[in-house]
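Fold and geometry: a report
Listed here are the chains, written in short residue letters.
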Amino acid sequence: MFTNLKTITMTSVLALGAFAAPASADDIKIGVISILEGAFAALGQDGIRGIELAVAEAGGEVAGNDIEVIVMSSDASPDSAVNAARKLIEQDGVDIIVGPLSGSEGLALRDLSKSFPAITFVNGSSAAQDTTLRDSSDNFFRFGGDGAQWMVGVGNYAHDDLGYEKVAVVAEDYSFPYTQVLGFMGEFCAAGGTVPEKFWTPIGASDYSSIVYSIPADVDAIFVALGGADAVNFLTQYNQAGGDKPIIGGSITIDQSILDSEGPFKQQLIGAPAGTPTVSDFDGAEWKSFSASYTEQFPDGFSAPSIFAHHYYMGAHAAILALEEVNGDLSGDQAAFRAALTDLQFVTPTGGTMRLDENRNGIVDNFVTEVFEREDGTLGNRVVKVVRDVDQSLGQDPAAFLAQGPVSRDNPSCP
Amino acid sequence: MTFFLIVTLNGLTLAALYFLAASGFTLIFGLMRTVNMAHGALLLLGGYVGFEVAKATGVWPLGILGGGLAAAFAGALIQFGILGRFQGDELRQTLASIALSIIMADLMLWYWGGITYQVALPDALTGGFKLPLLGVGYAAIRLVLIVFAVVIGISLWLIIAKTRLGAIIRAGVDDREMLRALGFDVAKIFIIVFALGGLLAGMAGVVAASALSIAPGTDLQFLLPFALVPLFANDFWLIQIFGRALILGIIALSLTFLAAYLGVVSFAQATMAGVAGYTVAYFGPNTVDVGRELPFYVVLPLAMIMATLSGALIGLIARRSQGIYAIMITLAVGVAFFYFTRQNYTYFNGWTGFSGIRAPEISGRSLREPLPFYLLIILVAALCLTFVNGFIKSPLGLTIQAVRDGPKRVLAIGIPTTPVIVSAYAFAGLIAGSGGILNVWYQERISSFSVGLGPIVDILVIAVIGGLKHPIGAFIGALAFVLLDTFAVDFIDRERFNTLIGLVLLAIIMGAPDGLHGLAKSWLSRFKNRPIKNQV
């Protein structure tokens, strides 16, 4: 009996193999890399929704060529993103890659893009600073900001409007939170605030009690740059311990996906400011229509597009716009297409004008938001300030900004 | 003083939580010698069901009960349907439970989605609790945790030590045959133990979801893939499929070597490979400004030596451990190394790790170009295979096998076993290190991800699906693994490919006890109308 089972299994393995049908040569193939497994799966899935939205808007074709989307999953590790990209390029023969989701993956794909000059890489939602700032790659484009750009406006708001002088930092110990902390502290320290202590936690930590009880009693607020379950865990435990300092959020700390999570800790977030490029309850006309088409197309999605849907959408949208401009012409190692991408300007869902700097990094809109309770009891973010035209040097002189060196646990510092 | 008390309390409450989470696992392991890797999935299931029950009824204790019962039922089902079939075959039980955990995690992700849940606490337990001595607030739920853990611990001890059921369970562990002869249904007793373990996991899941939160991702995540596509010898197939398979095969070979000739299953092979990889990264050209560059002809021997030494060290630590104890201790070493690389910035550059690692150039041609690289990989793989085959026939190799078969006799004739075991691990380190060097050139990067639980389990899966009896099994398993890893997502709804992967893994583990190599061998012998040799 077992033998028959084995035979059937092996036969179906072989049979499935025969289904690898090649696509027609005129199709434009877009490979998408997102995280569809593990802790980030729900966020990665929302990124895919952004892609589907952009392709659906274009009617699934560009200048008479069908768009074929091929999805690969990575698992947040750089190795997996590189393997996924190589498979998309070498096996599926994609022309353009949109992705990845997380910072370390973005750096890895930036490195990889140098080995594949004939393929164009358009970033998804990864936001490490050095992906474009240092050692950038000619065929890697980011129609969005980095983690520091996403915090612009918050430091000044916390100091000048909320009157915070001393803030403790709790953040995960890797590149993206370092960049977020830079974006916050850059403004906050310049405005005269101090950050006496920074707590770096391993990503995926579940117990934060030692940090909860080490937070100095004399700080005015806590800047929390944690994501997903880490943020929920920290806020829960801080709340359970009776902690009552106001929270300042990083860009993925108070994202819609977290506001849609279940749990009593959410009450503590009401009124918390955060910096983000994506605001679920923004009332700009462009965002309203973007959000409406999202909820119409994906009734099972979040109650509004997340940062991931928004950024994957912008990446795919930019690629499609540039393809339309060159009538789908990808010849000559995509030279015309890339020139079109480089000079592209379009109105973003947040109402600003997206364009790239010389490192092919987006000059973006950023929002300072605060959490509020809607009438139905759910939570949303509302805008308290819009900062337009944020560049990667955060408005400073680019040379001086670069000279401050790469971000780390100790850079910047203002105890 | 306050600080001291707080730290102590933090330690105690966290320990209580871990005790609750681990007690079910320990119970099953202690009584049945089953390493139930699906325990985490049971915990998650209990947490989710508890969340639903608590939300529907508004009563927190009902949530705990509901979550516990759901996980108990699932646990009984696992033992009855799958693990009970391999009672006594610990490795296959371990692997089957890994496969189950993948399937369960993926199905739960499907049903409950990837968002984070937190179970609402009763009002009495919400917020801080002023401790008389401390003068500061302390989370009430955490104090309840300690009480809960103590209650569970005492009840468990009472059940095992003082009740008739406990006595039967203990008897079943000591002498199954005798118990059966006395008229007890041993299989049923083991199912009860599993249900009890599941109950504990489920309740712990709900409590953990109240104190922390639940979300997918705590489970083992790895891929076992599914597909064969018509063969084109382009660079993709050359390097991404066959090259990668051979590299992983070399690392798995070091595990197969230990399993076949020393009789231990080691989870630390990815760690030894990682040591070599990190050595190459630290002393070679990289783009992260950590380490210092040495010429490659110095770096390569150094990396091999480091990997060999790491193997010897792990051997020294694990020298007295056999069977599942060797699995546990090597797994502990591997996970400790993973966390160390993630948090140490001086030598390992933490989370980010090393990138921009380049294979050396010889007379202007990079070894990383597809064809030279592939030829190099084949050469190394062939060397390693030859080396293993030669080594096992050498006096030391024969002594290693003697230690596997009868350590006491080896001692009796005056050969100390420790140096023999350590040198077997060291040799495995050398093989794994060769694979590790190739792997770091292949990936052109190394970071904590490369030595994490994912790669550790991948290597084990490769070795087991290939077959642990013969060195070539490692390469067969690696090829199957890489094909499935690369193409699974193409052949199934992209949201559910992990379920399929788990099912295939389970099918191989249940249907082919000697892995693909054993399967192929028995097919071949049947094809030739020869009687199948009974392999024991």
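Above this note sits the structure.
One structure accompanies this document, and this report is about it.

What counts and what doesn't
Residues numbered from 1 in each chain as written. Chains lettered and ligands numbered in written order. Predicted model: local features only at pLDDT ≥ 70, side-chain atom pairs only at ≥ 80, totals over all residues. Heavy atoms only, no water. Helix = DSSP H or I, 4+ residues; strand = E, 2+ residues; numbered from the N terminus. Buried < 20%, exposed > 50% of the residue type's maximum accessible area, 1.4 Å probe, protein only. Areas by Shrake-Rupley, 256 points an atom, 1.4 Å probe, with all protein chains shown as cover. Salt bridge = Lys/Arg side-chain N within 4 Å of Asp/Glu carboxyl O. Axes fitted to C-alpha atoms, helices over the stretch in contact; angles between N-to-C directions. Parallel < 35°, antiparallel > 145°, perpendicular 65-115°, else oblique. Contact = heavy atoms within 4.5 Å. Nonpolar A, V, L, I, M, F, W, Y, C, P; charged D, E, K, R; others polar. Disulfide = S-S within 2.5 Å.

Digging into the overall build of chain B
Helix and strand counts for chain B come out as 20 helices and 6 strands. Going through the 536 residues of chain B one by one, you find that 59% of them count as buried. Summed over all atoms, the accessible surface of chain B reaches about 22,100 Å², with 69% contributed by carbon and sulfur.

Structural notes on the pattern of salt bridges
Under the criterion given, the structure shown has 15 salt bridges over all chains. Notably, a salt bridge pairs Glu444 of chain B with Arg86 of chain A, separated by 3.8 Å at the nearest N-O pair. Pair noted here: Glu444 of chain B is in the loop between α16 (417-443) and β6 (445-446) and Arg86 of chain A is in helix α3 (residues 78-91), and the two residues belong to different chains. Connected through shared salt-bridge partners, Arg86 of chain A together with Arg368 and Glu444 of chain B make up one network.

So, the packing of helix α10 (residues 269-283) of chain B against helix α12 (residues 323-343) of chain B
Residue and element names in this part refer to chain B. Direction vectors running N to C along α10 and α12 enclose 30°, while the axes themselves pass 10 Å from each other. Between α10 and α12, the angle is such that the two are roughly parallel. Of the residues in α12, those in contact with Thr271, Val275 and Tyr278 of α10 are Gly334, Phe337 and Thr341. Each residue belonging to the contact of α10 with α12 can be placed in one class, and the counts come to 3 nonpolar, 3 polar and no charged.

Some details on the state of the cysteines
Residues and elements named next belong to chain A. This structure, assessed with the given rule, holds 1 disulfide over all chains. There is a disulfide in this structure between Cys189 and Cys414, and the S-S distance comes to 2.0 Å. Around the S-S axis, the bridge from Cys189 to Cys414 shows a dihedral of about -50° and counts as left-handed. You can see Cys189 sitting in helix α6 (residues 175-190) and its partner Cys414 sitting in the segment after α13 (398-403), a full 225 residues away along the chain. Accessibility expressed as a relative area gives 22% for Cys189, which makes it partly exposed.

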